[in-house]
Amino acid sequence: IPLLADMKERCSSIVVDKNTNNMVTEAFRLLRTNLQFMMRNSSGKVVLFTSSFSGEGKTFIASNLAASVALLGKKVLLIGADIRRPRLAEIFGFEQNAEGLTSYLAADEKDVAILDNCIIKSSNIEGFDLLPAGIIPPNPAELLAGTNLDKAIEYLKGKYDYIIVDSAPVGLVSDSLIASRVADAVVYVLRLDYSHIEDVSFLNTLVDEGKLENVSVVINAE
């Protein structure tokens with residue numbers, strides 16, 4: 001994903017637009033095509049985004065890819081599953097402490113109406129919805145390991161063509177390794193002049209050990 005000069009102040013925003021043609025929007029179209037290629041032999045529709053550390057651009061790329069897929073006329077849900085340091089509010093401008101995914105994960109009663117009530121519809125792109133992370137919990141790993149996450153994803157798969165999950169960096173916490181069980185594909189974001197070559201070895205180890213499956217890599221800020 002290229003970084004244009006006028007984007008340096010826009011890395012916390014949606015840059016994909018149906019009326020815009022530049023290197024960045026074209027790169028997201030190519031990423032969208034590759035995503036469809038990755039999923040072609042399965043009925044899967046859940047893609048989890050992660051990285052090694054914060055600052056590599058996974059939330060930016062996940063958000064813009066979700067917007068790009070929605071522009072095809074697909075129903076897309078972007079889930080904020082980085083429940084320790086959620087950033088979707090920064091990109092989309094809603095209240096950071098809004099109810100969200102953690103409201104359902106922490107609920108004693110498995111009422112899917114909780115999910116429906118937390119979903120925010122995009123005001124700019126039809127068919128593009130957001131499920132914020134919600135209030136930051138004291139036990140994020142335990143919440144993600146519980147069966148409520150599986151039940152939430154299963155329910156939401158019946159409502160959307162694609163579910164894009166913005167998860168936590170795997171170099172910092174185990175959350176994404178835990179949550180990856182619900183994903184049909186994983187996209188690992190590395191950033192030019194920021195990520196380290198050792199991060200690639202780390203990713204290869206995770207794949208070799210079966211901790212992440214069906215993994216693709218996106219290089220950000222080329």
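Before going into details, it helps to say that this report is about the structure given with it.

Scoring rules and cut-offs
Residues numbered from 1 in each chain as written. Predicted model: local features only at pLDDT ≥ 70, side-chain atom pairs only at ≥ 80, totals over all residues. Heavy atoms only, no water. Helix = DSSP H or I, 4+ residues; strand = E, 2+ residues; numbered from the N terminus. Rg over C-alpha atoms; globule rule 2.2 N^0.38 Å. Buried < 20%, exposed > 50% of the residue type's maximum accessible area, 1.4 Å probe, protein only. Contact = heavy atoms within 4.5 Å. Areas by Shrake-Rupley, 256 points an atom, 1.4 Å probe, with all protein chains shown as cover. Lys, Arg positive; Asp, Glu negative; His and termini not counted. Charge placed at Lys NZ, Arg CZ, Asp CG, Glu CD. Core = buried A, V, L, I, M, F, W, Y, C linked by side-chain atoms within 4.5 Å. Salt bridge = Lys/Arg side-chain N within 4 Å of Asp/Glu carboxyl O. Polar contact = N/O pair within 3.5 Å; in protein donor to acceptor, adjacent residues only side chain to side chain. Phe/Tyr/Trp six-rings, centres within 6.5 Å; stacked < 30°, edge-to-face > 60°. Lys NZ or Arg CZ within 6 Å of the ring centre and 35° of its normal.

### Topic: the overall build of the chain
No. 1: When its secondary structure is counted, the chain shows nine helices and seven strands.
No. 2: The C-alpha atoms of the chain give a radius of gyration of 16 Å, which matches the 17 Å a tight globule of 222 residues would have.
No. 3: Evaluated residue by residue, the chain yields a buried proportion of 50% over its 222 residues.
No. 4: Within the chain, contacts between residues at least 6 apart in sequence are counted, and of these 78% link residues at least 24 apart.
No. 5: Only carbon and sulfur atoms are counted for the fraction: they give 49% of the accessible area of the chain, which is about 10500 Å².
No. 6: Charge-centre separation for the chain: the mean point of 21 positive side chains lies 5 Å from the mean point of 29 negative side chains.

### Description of the nonpolar core
No. 1: The biggest cluster of nonpolar side chains holds 34 residues, and the ones touching the most others in it are Phe28, Phe49, Ile61, Leu78, Phe128 and Ile164.
No. 2: Secondary-structure elements contributing two or more residues to this core are helix H1 (23-38), strand E1 (46-51), helix H2 (58-70), strand E2 (76-80), helix H3 (88-92), strand E4 (128-131), strand E5 (162-166) and strand E6 (185-191).
No. 3: For this core, the element with the highest residue contribution is H2, accounting for eight residues.
No. 4: Counting 33 residues, the second-largest nonpolar core is a separate cluster that includes Leu115, Leu143, Leu156 and Leu203.

### Some details on the pattern of salt bridges
No. 1: Scanning all chains against the criterion turns up 10 salt bridges.
No. 2: Residues joined by salt bridges that share partners form a network here, namely Lys58, Asp82 and Asp166.

### Brief notes about the environment of Arg85
No. 1: Among the secondary structure elements, Arg85 is positioned in the loop between E2 and H3.
No. 2: What makes Arg85 exposed here is its relative accessible area of 56%.
No. 3: For Arg85 and Val182, which are 97 residues apart along the polypeptide, the C-alpha to C-alpha distance reads 20 Å.
No. 4: Among the polar contacts made by the side chain of Arg85, one reaches the side chain of Ser54 at a distance of 3.4 Å.

### Description of the packing of aromatic side chains
No. 1: Under the definition given, this model contains two aromatic pairs.
No. 2: Residues Phe92 and Phe128 carry aromatic rings whose centres are separated by 5.8 Å and whose planes lie at 75 degrees to one another, so their mutual orientation is edge-to-face. Of this pair, Phe92 sits in helix H3 while Phe128 sits in strand E4, and the two are 36 residues apart along the sequence.
No. 3: On the basis of relative accessibility, which here comes to 24%, the residue Phe92 falls in the partly exposed class.
No. 4: Exposure remark for Phe128: the relative accessible area of 2% places this residue in the buried category.
No. 5: Its guanidinium or amino end placed over the ring of Tyr160, Lys75 lies 5.3 Å from that ring's centre, counting from NZ or CZ.

None of this, on its own, says anything about what the molecule does.
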